[in-house]
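Understanding the architecture of this molecule
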Amino acid sequence: MDSSAWDTRYASTPGLVWTAEPNRFVVESVSGLTPGAALDLAAGEGRNAVWLAEQGWRVTAVDFSPVAVGRGRELAAGRGVEVEWRVADVTAYRPVPGSYDLVLISYLHLPADDFAVVLAAAKQALRPGGSLVVVGHDLANLSGGTGGPQDPAVLLTPEAVVDGLAGLHIRRAETARRPVATTDGGAVDALDTVVVASRPD
């Protein structure tokens, strides 16, 4: 899907396409870390980037949809925090190596070769001691969960993500359940890949 298709999707939705609240696994993975410089790749409408800024992180948020970036700016302004926003395709974006204490990739679903390029750039962007957090719909979600992309070629597994993180210390790598509210007031589970790794000091 190209940026114009995402622009259309965002523009055709009166409010935020997703909630303004941060992803639960991002919160779990980042809580307890000392705030520093953070990079949110494929930030969408900025829910995680804005939350990070509220926690004291200096955040750069990158997304290829100008409409999403515009919404992120509005969300940050409404919450009284500053985020540096950049419109760029993360498959081509190259952050300065060794410049971030935290890099986040949240619900970025690409063919394996493209995802590997983004993951390699994210790895290189980490400072010694920095953390990389990857969250996304798991391949198992197709048969055991709900929602998310239905193309197995763009879904994640903990093993596939870890394979791209040679040289990092893996702190967490699992398929985790995330409750999703239903219209009748109940909840069903989505299955997500969650990987947290750190660059050795």
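Note that this is a predicted model, so its numbers are computed, not measured.

So, helix α5 (residues 112–125)
Taking 1.5 Å of rise per residue, the 14 residues of α5 would be expected to cover 20 Å, and the 20 Å separating its terminal C-alpha atoms lies within 8% of that figure. Those residues of α5 lying buried are F115, V118, L119, A121, A122 and A125. Taken around the axis of α5, the buried residues stretch over an arc of 160°, which confines them to a single face. Exposed residues lying more than 90 degrees from the buried face of α5 are A112, D113 and Q124.

A few points about helix α4 (residues 66–79)
The end-to-end C-alpha distance of α4, which contains 14 residues, comes to 20 Å, matching closely the 20 Å that a straight helix rising 1.5 Å per residue would cover. For α4, every residue scored as buried is listed here: A68, V69, R71, G72, L75 and A76. All buried residues of α4 lie within an arc of 160° about the axis, which places them on one face of the element. Along α4, the residues that are exposed and aim more than 90 degrees away from the buried face are E74, A77 and G78. With its phi angle positive at about 75°, G80 sits one or two positions after the end of α4.

Things to note about the sheet that holds strand β3 (residues 84–87)
Reading across the sheet, the 7 strands line up as β3-β2-β1-β4-β5-β7-β6 and stay open at both edges, with mixed pairing between neighbours. The open sheet has two edge strands with one neighbour each: β3 and β6 (169–181). Strand-to-strand twist in this sheet, taken as the mean axis angle between neighbours without regard to direction, amounts to 15°. Of the strand pairs in this sheet, strand β1 (residues 37–41) and strand β2 (residues 58–63) are connected by 5 bridges, and their pairing is parallel. Bridge pairing links D40 to A61 in β2.

Details of the UniProt feature "domain: Methyltransferase" (unreviewed entry) in the protein
UniProt feature "domain: Methyltransferase" (unreviewed entry): in the numbering of this structure it lies at residues 39–130. Between the end C-alpha atoms of residues 39–130 there is a gap of 11 Å, over a span that is 39% helix and 27% strand.

Focus: the packing of helix α3 (residues 47–54) against α4
Relative orientation of the contacting elements α3 and α4 amounts to 30°, with a least axis distance of 9 Å. Taken together, the axes of α3 and α4 lie roughly parallel to each other. The element α3 and its partner α4 pack so that their crossing is right-handed. Across the interface between the two elements, R47, V50 and E54 from α3 touch G72, L75, A76 and R79 from α4. For the contact of α3 with α4, the class distribution of residues is 3 nonpolar, 1 polar and 3 charged.

Some thoughts on the packing of aromatic side chains
Evaluated as defined, the whole model comprises 0 aromatic pairs. One cation-aromatic arrangement involves R24 over F25; the distance from NZ or CZ to the ring centre is 6.0 Å.

Topic: unusual backbone geometry
Apart from glycine, the bulk of residues carry a negative phi angle, and the bulk of peptide bonds sit in the trans form. Of note, the phi angle at A42 is positive, near 60°, even though the residue is not glycine. As for its placement among the helices and strands, A42 is situated in the loop between β1 and α3. A positive phi angle is found at Y107, which is not glycine, with a value near 55°. Within the secondary structure, Y107 is located in the loop between β4 (100–106) and α5. Residue classification places Y107 among the partly exposed positions, given a relative accessible area of 21%.

Rules used in this analysis
- Residues numbered from 1 in each chain as written.
- Predicted model: local features only at pLDDT ≥ 70, side-chain atom pairs only at ≥ 80, totals over all residues.
- Heavy atoms only, no water.
- Helix = DSSP H or I, 4+ residues; strand = E, 2+ residues; numbered from the N terminus.
- Expected span 1.5 Å × (residues − 1).
- Buried < 20%, exposed > 50% of the residue type's maximum accessible area, 1.4 Å probe, protein only.
- Arc of directions from axis to C-beta.
- Pairing = 2+ DSSP bridges.
- Axes fitted to C-alpha atoms, helices over the stretch in contact; angles between N-to-C directions.
- UniProt positions renumbered as here; feature names shortened; annotations may be inferred.
- Parallel < 35°, antiparallel > 145°, perpendicular 65-115°, else oblique.
- Left-handed = near helix turned anticlockwise from the far one by under 90°.
- Contact = heavy atoms within 4.5 Å.
- Nonpolar A, V, L, I, M, F, W, Y, C, P; charged D, E, K, R; others polar.
- Phe/Tyr/Trp six-rings, centres within 6.5 Å; stacked < 30°, edge-to-face > 60°.
- Lys NZ or Arg CZ within 6 Å of the ring centre and 35° of its normal.

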